[in-house]
Amino acid sequence: MAVWGNMSFQNSASFTMEQMTFFYDFSFLIILLILMFVVYLMVYLAFESLIKCYDLDNQTMEFFWTILPLVILVFLAFPSIRILYLMDELKNPTMTCKVLGHQWFWSYEYSDFSSFEFDSYMVFNLMRLLEVDNCFVIPLGLKIRLLVSSVDVLHSWTVPAFGVKVDSVPGRLNQLNFTVNRLGVYFGQCSEICGVNHSFMPIMVEVVLNQGFSVWVENSE
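Residue positions within a chain follow its written sequence, with the count starting from 1. Totals for whole chains, interfaces and linings use every residue, but because this is a predicted model, local features are given only for residues with pLDDT of at least 70 and side-chain atom pairs only at 80 or more, for both listing and counting. In computing side-chain properties, one takes all heavy atoms of the structure into account and sets aside hydrogens as well as water.

Just to check I follow, could you spell out the sheet that holds strand β5 (residues 143-150) for this structure?
One requirement defines pairing of two strands: DSSP has to find at least two bridges between them. A run of DSSP states H or I qualifies as a helix once it reaches four residues; a run of E qualifies as a strand once it reaches two. Both are numbered from the N-terminal end. Across the sheet, which stays open at both edges, the five strands sit in the order β3-β2-β1-β5-β8 with mixed pairing between neighbours. Sheet topology places β3 (116-120) and β8 (174-179) at the edges, where each strand pairs with a single neighbour. Pairs of neighbouring strands in the sheet enclose a mean axial angle of 25°, with direction left out of account. With six bridges joining them, β5 and β8 adopt antiparallel strand pairing. For L147, the partnering residue across the bridge sits in β8 and is Q175. Between the N-to-C directions of two axes lies an angle of 0 to 180 degrees, each axis being a line fitted to C-alpha atoms and, for a helix, fitted only over the stretch in contact.

Where do I start with the UniProt feature "transmembrane region" (unreviewed entry) in the protein in this structure?
In the numbering adopted here, UniProt assigns the feature "transmembrane region" (unreviewed entry) to residues 21-43 and 63-85. Overall, residues 63-85 shows 100% helix and 0% strand. The separation of its end C-alpha atoms is 33 Å. UniProt positions are given in the numbering used here, feature names are shortened, and annotations may be inferred rather than shown by experiment.

Is there a simple way to explain the environment of P160 in this structure?
With respect to the secondary-structure elements, P160 resides in the loop between β6 (155-159) and β7 (164-168). Here the alpha-carbon distance between P160 and S150, two residues ten residues apart in the chain, equals 20 Å. When residues no more than four places from it in sequence are discounted, the contact partners of P160 are Q10, M17, F187 and G188. Every residue pair with non-hydrogen atoms within 4.5 Å of one another is taken to be in contact.

This is the structure:
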């Protein structure tokens, strides 16, 4: 979860978020190199008083400053497209769950296991505005598909550690796919301005082993 003084992303807990973090570091490095080069040229030209007549009409220089940005964009485009495909529709998911947004709480339904469901309300415990009475439990390392919708207004199911965010729209069914690779408890919040109690719609996800998830399902049914 986010802590005070955190200057970067939360620790990734899914393969998608890992790739997004790597792409961010890669693109930031390229942007930093471009910034250093531009600042160097600005400082150099500020103190340079000579006029180089051979640079006034240089076809080779114009060729390179046209091709170089194109090459940089290609290096940024391919990793970005790869991540978009990883976030696309998942084939043959292991488990499918349904998430409904209400004013102002979440409802979860496990349709693969006798269709049991529960509501998740915020409680005032140690983690302010983040803990709930019934957290969303999912198994480790399985392909999870979420079907997200709303029964009243626009909401958004967001967990930063998973790198996922999807709007829950009334009358529409949106899909979300992810695979969690770390055990633990992860927090999120509704990311849409859905009303006066918008800040009181926390999301609490507990990732457990497959055996523990089977026991939890048997005890919950």
